[in-house]
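What follows is the residue order along each chain.
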Amino acid sequence: MDSIMDSIRRTTEVIVAQKSFNWEIINFHLSGLATGECIRSPSFTVGPNDECKWHLNIYPRGTSLSADHIVSLDIILEELKLKTVEAQIFFFAENNSGQKIKLFQGIKTFTLYPMSAGTTHFMKRQDLHNYLKDNKLTIECQISVGLNTYMSTDSERAVINPSICQMNLSRDFHKLFDNPHLSDVSIVAVGKEFRAHKAILATRSPVFAALFAHDMEEAMQNRVYIKDINPDVLTEILRFIYTGKVENIDELAYELLSASDKYRLDDLKAMCEEIVCRNITVGNSIDILNLADLLQADILKSAAMNFIIEHAKYVLSTPLFKSLEQSSSPLVVEIYRAIAMKFAS
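Residues numbered from 1 in each chain as written. Predicted model: local features only at pLDDT ≥ 70, side-chain atom pairs only at ≥ 80, totals over all residues. Heavy atoms only, no water.

### Quick notes on the overall build of the chain
Here is step 1 of the chain: Secondary structure summary: the chain contains 12 helices and 13 strands in total.
Here is step 2 of the chain: For the chain, the proportion of contacts with a sequence separation of at least 24, taken over those separated by at least 6, is 61%. (Helix = DSSP H or I, 4+ residues; strand = E, 2+ residues; numbered from the N terminus. Contact = heavy atoms within 4.5 Å.)

Have a look at this one:
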């Protein structure tokens, strides 16, 4: 008896979002930046629903003294509505003849916690003159991102990853953010009042949980006064508590770092540490080291100390370091010990 085999073939496609971001840096050679200092691009989003947000950092004199002959380029993930994302990245630069030259190609997995950066040695400094037309550097970043969403041709129906559900949950909780509906507590900072929900605050922050669990004045009056945080920072603290997201984090990273430590929002603290780590300079390294030591932010403290060691010639001559010496801070001993160990090795 003849047998008949039924054969079915279906195709499933990973949905990919693509973006081409062009960045012109005028008077690039006159930036005056030291090794380890960068120029930051405007932010750009990828995906039909802005699933991820990025920016570029370019280091004209490299990221460290050992690589100061290299122009380095970072792509930084700022926001992500998915758990992880695979990105294919191409970096191009326009040469003096107007031709687009590919200088980097790679694939990297990015996560937001901790915030991710993809670093590449973009070009040698000795080759930089080939790409400066009228002292303008033109960079193009082409990025393709898998959105963790799939489409099958047999059903024409998308299979949604659970991370999409997490995104929807964040969106729905955002509707409660500073919404008087069903709120049961007021948070007041410098005269500005925010309506909030005790259950959400207490669930996300152990400090708020302790505040509302005891017969304290704030719990009884359903009103909390915060004197050491300005309204802009408190807005982002509450936004993070409700949605897990933050706006203007680059501008508010220092203030948010202290506030997140105060209310024990560890994920936000880690995000802020990552941003401050990328913006350490000769002028602010001592302040950042002091702050990191005060907040027991070990990753940030290590990054600041490493920067100071790499740039000791310049940092140790700043007024901030002289002031630190006069204060007899234990950090002075740590700095000198670390520098001595570097030269002894």
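From this point, the discussion proceeds with the structure in view.
### Some thoughts on the packing of aromatic side chains
Here is step 1 of the chain: The tally for this structure, following the rule as stated, stands at 7 aromatic pairs.
Here is step 2 of the chain: For the ring pair phenylalanine 208 and tyrosine 263, a centre distance of 4.8 Å and an interplane angle of 10 degrees mean the geometry is stacked. A residue pair is termed long-range when its members are at least 10 positions apart, and phenylalanine 208 in helix H3 (residues 206–213) and tyrosine 263 in the loop between helix H6 (249–262) and helix H7 (266–277) qualify at 55 residues.
Here is step 3 of the chain: A relative accessible area of 5% means that tyrosine 263 is categorised as buried.
Here is step 4 of the chain: Ring centres 5.8 Å apart and planes at 80 degrees place the aromatic pair phenylalanine 321 and tyrosine 336 in the edge-to-face group. Here phenylalanine 321, found in helix H11 (residues 319–326), pairs with tyrosine 336, found in helix H12 (residues 330–344); they are 15 residues apart in sequence, far enough to count as distant. (Phe/Tyr/Trp six-rings, centres within 6.5 Å; stacked < 30°, edge-to-face > 60°. Buried < 20%, exposed > 50% of the residue type's maximum accessible area, 1.4 Å probe, protein only.)

### Some points on the pattern of salt bridges
Here is step 1 of the chain: Counting across every chain of the model gives 14 salt bridges.
Here is step 2 of the chain: The salt bridge partner of aspartate 228 is lysine 262, with a shortest N-O separation of 2.8 Å. Remark: lysine 262 occurs in helix H6 and aspartate 228 occurs in the loop between strand S13 (223–226) and helix H5 (231–243); sequence separation between them is 34 residues.
Here is step 3 of the chain: Overall, the relative accessible area of 35% leaves lysine 262 in the partly exposed class.
Here is step 4 of the chain: Note that arginine 239 is salt-bridged to glutamate 247, the shortest N-O span being 3.6 Å.
Here is step 5 of the chain: Relative accessible area serves as the criterion here: at 10%, arginine 239 is assigned to the buried category.
Here is step 6 of the chain: Sharing partners across several salt bridges, the network here consists of Arg40, Lys53, Glu78, Glu79 and Asp250. (Salt bridge = Lys/Arg side-chain N within 4 Å of Asp/Glu carboxyl O.)

### Considerations on the nonpolar core
Here is step 1 of the chain: Counting 60 residues, the largest nonpolar core has Ile187, Leu201, Leu234, Ile237, Ile241 and Ile335 as its most contacted members.
Here is step 2 of the chain: Among the elements that line this core, the one with the most residues is H5, at 7 residues.
Here is step 3 of the chain: Not counting residues within four places of it along the chain, the set of residues in contact with isoleucine 335 comprises Ile286, Leu289, Met305, Ile308, Leu316, Phe321 and Leu324.
Here is step 4 of the chain: Of all hydrophobic cores here, the second largest spans 34 residues; its members include Ile25, Val46, Leu128 and Tyr131. (Core = buried A, V, L, I, M, F, W, Y, C linked by side-chain atoms within 4.5 Å.)

### With respect to the environment of phenylalanine 122
Here is step 1 of the chain: Its location among the elements puts phenylalanine 122 in strand S8 (residues 117–124).
Here is step 2 of the chain: Phenylalanine 122 gets classed as buried once you look at its relative accessible area, which sits at 3%.
Here is step 3 of the chain: Considering only alpha carbons, one finds phenylalanine 122 and leucine 103, 19 residues apart in sequence, at a separation of 6.4 Å.
Here is step 4 of the chain: In this structure phenylalanine 122 touches Ile58, Ile70, Val71, Ser72, Leu73, Phe91, Phe92, Ala93, Leu103 and Ile139, once residues within four positions along its chain are discounted.

### Describing the sheet that holds S13
What holds strands together in a sheet is hydrogen bonding between their backbones, with the strands either parallel or antiparallel.
Here is step 1 of the chain: Overall, mixed pairing links the 3 strands, which are arranged S12-S11-S13 in an open sheet. Each of the sheet's edge strands pairs with one partner strand only, and the pair in question is strand S12 (192–196) and S13. The mean inter-strand angle of the sheet, taken between neighbouring strand axes irrespective of direction, is 20 degrees.
Here is step 2 of the chain: Strand direction decides the pairing type here: strand S11 (residues 185–189) and S13, joined by 4 bridges, are parallel. Counted as the bridge partner of valine 188 is tyrosine 225 from S13. (Pairing = 2+ DSSP bridges. Axes fitted to C-alpha atoms, helices over the stretch in contact; angles between N-to-C directions.)

### Concerning the pairing of strand S4 (residues 52–59)
Here is step 1 of the chain: Among the 8 residues of S4, 7 are classified as buried, and the element is accordingly described as predominantly covered.
Here is step 2 of the chain: Strand direction decides the pairing type here: strand S2 (residues 39–40) and S4, joined by 2 bridges, are antiparallel. Its bridge partner being in S4, isoleucine 39 is matched across the sheet by isoleucine 58.

### Side note on unusual backbone geometry
Here is step 1 of the chain: Even without being glycine, valine 190 reaches a positive phi, approximately 50 degrees.
Here is step 2 of the chain: Mapped onto the elements of the fold, valine 190 is located in the loop between S11 and S12.
Here is step 3 of the chain: The exposed category is assigned to valine 190, whose relative accessible area is 62%.
Here is step 4 of the chain: Even without being a glycine, glutamine 296 presents a positive backbone phi close to 55 degrees.
Here is step 5 of the chain: Along the polypeptide, glutamine 296 turns up in the loop between helix H8 (285–295) and helix H9 (298–310).

### Some words on the pairing of strand S7 (residues 100–111)
Here is step 1 of the chain: For strand S6 (residues 84–94) and S7, the ladder comprises 11 bridges, and the chain directions are antiparallel. Each bridged residue has a counterpart across the sheet, and for glutamate 86 the counterpart in S7 is threonine 109.
Here is step 2 of the chain: Where S6 hands over to S7, the hairpin turn is made up of 5 residues, of which glycine 98 adopts a positive phi near 85 degrees.

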